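Survey of secondary and tertiary structure
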Amino acid sequence: MIELFFAVAFSAVPLTLYVPPIRSLNIFVETVEQLLRCCAVYTLAAYPRVRHAFSRLFNSAFRLLRL
């Protein structure tokens, strides 16, 4: 069992090289937050239209299935 523990532990060590430093991660998170803020306006405007389109499609499909 101890061999399995060491095998998993030493195989996970190289994965730490792929984790960026915190100072780089902050820039990435800030960019993602800014992108989400910009996209939220368009998403909120498009949501009612998409919902209406899907409801019309489903209503048409259900009407065809009833025939």
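Scroll up to find the structure.
Residues numbered from 1 in each chain as written. Predicted model: local features only at pLDDT ≥ 70, side-chain atom pairs only at ≥ 80, totals over all residues. Heavy atoms only, no water.

Before going further, it helps to spend a moment on the overall build of the chain. Each helix and strand in the chain was counted, giving two helices and zero strands. By the burial criterion, 0% of the 67 residues in the chain qualify as buried. If you sum the accessible surface of the chain, you get close to 6,800 Å²; carbon and sulfur atoms cover 73% of it. (Helix = DSSP H or I, 4+ residues; strand = E, 2+ residues; numbered from the N terminus. Buried < 20%, exposed > 50% of the residue type's maximum accessible area, 1.4 Å probe, protein only. Areas by Shrake-Rupley, 256 points an atom, 1.4 Å probe, with all protein chains shown as cover.)

A word on the packing of aromatic side chains. What the rule picks out here adds up to two aromatic pairs. Seen from their ring centres, phenylalanine 54 and phenylalanine 58 are 6.2 Å apart, and the 25° between their planes marks the pair as stacked. With a gap of four residues between them, phenylalanine 54 and phenylalanine 58 both fall in helix 2 (residues 22-66), about one helical turn apart. (Phe/Tyr/Trp six-rings, centres within 6.5 Å; stacked < 30°, edge-to-face > 60°.)

Inspection of the entire model under this criterion finds zero disulfides. Unpaired in terms of disulfides, cysteine 39 finds its nearest cysteine sulfur in cysteine 38, a separation of 6.6 Å. Accessibility expressed as a relative area gives 36% for cysteine 39, which makes it partly exposed. (Disulfide = S-S within 2.5 Å.)

Next up on the list: a nonpolar patch on the surface. On the surface, a cluster of nonpolar side chains totalling about 670 Å² of accessible area is made up of Val50, Phe54, Leu57, Phe58, Phe62 and Leu65. As for its position among the elements, leucine 65 is in helix 2. (Patch = residues over 30% accessible without salt bridge, like charges linked within 9 Å, V, L, I, M, F, W, Y side chains within 5 Å. Salt bridge = Lys/Arg side-chain N within 4 Å of Asp/Glu carboxyl O.)

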